Structure formats: C-alpha cells, structure tokens
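Examination of the molecular architecture
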Amino acid sequence: MQRIRLRYTKRGRLRFTSHRDFQRAFERALRRAEVPMAYSAGFTPHPKVSYANAAPTGTGSEAEYLEIALTASRDPETLRAMLDESMPNGLDIVDAVEARTSGLADRLTASVWELRLDGVDVDTARKAVDAFLAAETVEVQRKTKNGIRTFDTRGAVVELTAAPAQGDPQGDRPLDSACAILRLVVRHVAPAVRPDDVLSGLRAVADLAPPVPAAVTRLAQGLFDEESGTVTDPLAPDREAVTAAPPTAAATASATAPGAGTA
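Residues numbered from 1 in each chain as written. Predicted model: local features only at pLDDT ≥ 70, side-chain atom pairs only at ≥ 80, totals over all residues. Heavy atoms only, no water.

**Observations regarding the environment of Ser177**
Heads up, the rule is: Secondary structure counts use DSSP, requiring at least four H or I residues in a row for a helix and at least two E residues in a row for a strand, with both numbered from the N terminus. To sort residues, take the accessible area from a 1.4 Å probe on protein chains only and compare it with the maximum for the residue type: under 20% means buried, over 50% means exposed, and anything in between is partly exposed.
Within the element layout of this structure, Ser177 appears in the loop between strand S8 (157-164) and strand S9 (179-187). By relative accessible area, Ser177 is classed as partly exposed at 38%. Put simply, Ser177 and Gly119 are 58 residues apart on the chain and 6.2 Å apart in space, counted from C-alpha to C-alpha.

Written as structure tokens, this is what we have:
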C-alpha cells in the first residue's frame, strides 16, 4: 500500500465550501482520475482518506493537508496533476509527496493567518494589536454544543501585526476604502484558538469592530520552529526521506536492464 500526502487550497468564493463539500468534490475527483484507492473494511467501505486540521467554513486557505492510501504505486506529481484537473477551480491540489514518515497531524502545530479588515485604517488596527499583545490574558466566549465556553486567546498567539492592504488577492473586496491586514501566527492548542476568536479579543481589549466581516485566509500551517519563530513545511520530512532513500528495486532493475541508457 502506498500513501500520498497532498496539499490543497480553498480560494476565492470556494472558501465558503464546508469540509463536507470538499470531501464530496475530492471523492468525485478520485473516481474521475481513476485513482487505485484502498478502501476500509466493513458493511460500508469508503476510500481511505485522512484529513488533517481543516480550516473553518468561510475561511480561505493555501495550506490544507490530507493523506490517501493506494493499492498500487503512482508518481505523486502525476497523480497531483490528474486530481487537480478533476477538481473545481479554487479547490486546487498544489503539492504531493509520497509519505515516508509518520505523524503528519503531529507536525501541524501552528498556523499563519491573514485577516483583511475592510473599513479599518491601519493606525486603528495597530493600536488594537498593541493592546492585545500587552495583555497577559484576553478572555473571550464562544458558543459550543455544550453551552457558552470562556477561554484565553492571548496565550496561543505567537505573532500579531498590522499593515496596510496591497490589494485583494480574492478579488471580491472593494479597494477604494480604508483597509488593514492583520498577520497572525497562532499555536494549535486546546481549546483551538481561531482567527475569529482573536478578532473577539481585539474587540474586548480595544473595541475594534470592523464594519464588515473579515476575510480570513490561512497562508501556512506546520511545525512551529521555536528558534526561528517560523512555521515550517510539514511535507519537508517526506521529501527529505525520499531524497535520502536508496533506489527502489524497480528503479535499479530499470537502470541495469540491457540497453538502458542507450539511444
């Protein structure tokens, strides 16, 4: 059984698709591309697809991850291209690597988010950010299935900055009004601290209330490097393992076959 890890995006208006919507679209793409999927056992077999830390509905993302199990080997890049061609525009399969290590989910310990605040000038946003970072704790409330829960958002935030907007990458927001861009690096803790929780915290400490809902995009997620303060590529260990691995038996046989390397 071969395992392939994929990175995919949610762009433009497709950011409003739910995780279940993506699952349906992806399983259709698997069938169209005739991917030799491994299936679970039992009365209702389903393709072996493992999703890791999907972004909330309504947020865009450049860094969503999943893993599939195959019954026959396929070249990761060829498979990626075939699946991407079968997906709707905006739900794009942008990277693929053969899984050579364990614990992909364990390497998703932090996310980098961009929050576009239309109608908010940069100076106002920066003052709110300073107030948030100066606080020891910033408690917010979130409604859950078990009722209202109160938790701290400040401890999970590693970095929070404000800058002027340079345009709208999603292409569906006005460009002729005040707009601030927040860059947020947040650890994946329990309970999870989401971008909207940080916005609630900014409202609590500085009365920052954007006139329209923020456009939120996840730029990256992966292992948080304490020394550099960056979020690293979670697929890098698999790429390194592929590079360091000895040639497979099939590759060795092909290279030593009579006539190999001749015109």
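Moving on from the model shown.
**With respect to the nonpolar core**
Our working definition: Definition used in this section: a nonpolar core is a set of buried Ala, Val, Leu, Ile, Met, Phe, Trp, Tyr and Cys residues joined via side-chain atoms within 4.5 Å. Any two residues having at least one pair of non-hydrogen atoms within 4.5 Å are treated as being in contact.
Counting residues in each nonpolar core, the largest one holds 27 residues, and the members touching the most others are Leu115, Leu160, Leu182, Leu184, Val198 and Leu202. When residues of this core are traced back to their parent elements, those giving at least two are strand S5 (110-118), helix H3 (122-134), S8, S9 and helix H4 (195-206). Element by element, the count of residues in this core is highest for H3, at five residues. With residues up to four places along the chain from it excluded, the contact list for Leu184 reads Ser111, Val112, Trp113, Leu115, Val157, Glu159, Leu160, Pro195 and Val198. Leu6, Ala33, Leu66 and Leu83 belong to the second-largest nonpolar core, a separate cluster that totals 21 residues.

**A few points about the environment of Ser200**
When you line up the elements, Ser200 lands in helix H4. Ser200 gets classed as partly exposed once you look at its relative accessible area, which sits at 24%. In this structure the C-alpha to C-alpha distance between Ser200 and Arg142, which are 58 residues apart in sequence, comes to 9.4 Å.

**Details of the pairing of strand S1 (residues 2-10)**
Our working rule: Each pair of strands is called paired provided DSSP finds at least two bridges between the two strands.
For S1, a buried count of seven out of nine residues is recorded, marking the element as mostly surrounded by other parts of the structure. Here S1 pairs with strand S3 (residues 60-70) via eight bridges, running antiparallel. Paired with Tyr8 across the strands is Glu64, a residue of S3. For S1 and strand S4 (residues 93-98), the ladder comprises five bridges, and the chain directions are antiparallel. Each bridged residue has a counterpart across the sheet, and for Arg7 the counterpart in S4 is Asp95.

**Looking at the packing of H3 against H4**
Where we set the bar: The axes are straight lines fitted to the C-alpha atoms, using for helices just the contacting stretch, and the angles between their N-to-C directions are given from 0 to 180°. Reported orientations rely on four angle classes, namely roughly parallel under 35 degrees, roughly antiparallel over 145, roughly perpendicular from 65 to 115, and oblique for the rest.
Following both chains from N to C, one finds H3 and H4 inclined at 95°, their axes separated by 9 Å at the closest point. The pairing of H3 with H4 is recorded here as roughly perpendicular in orientation. Mapping the contact onto sequence places Ala128, Val129, Ala131 and Phe132 in H3 and Val198, Gly201, Leu202, Val205 and Ala206 in H4.

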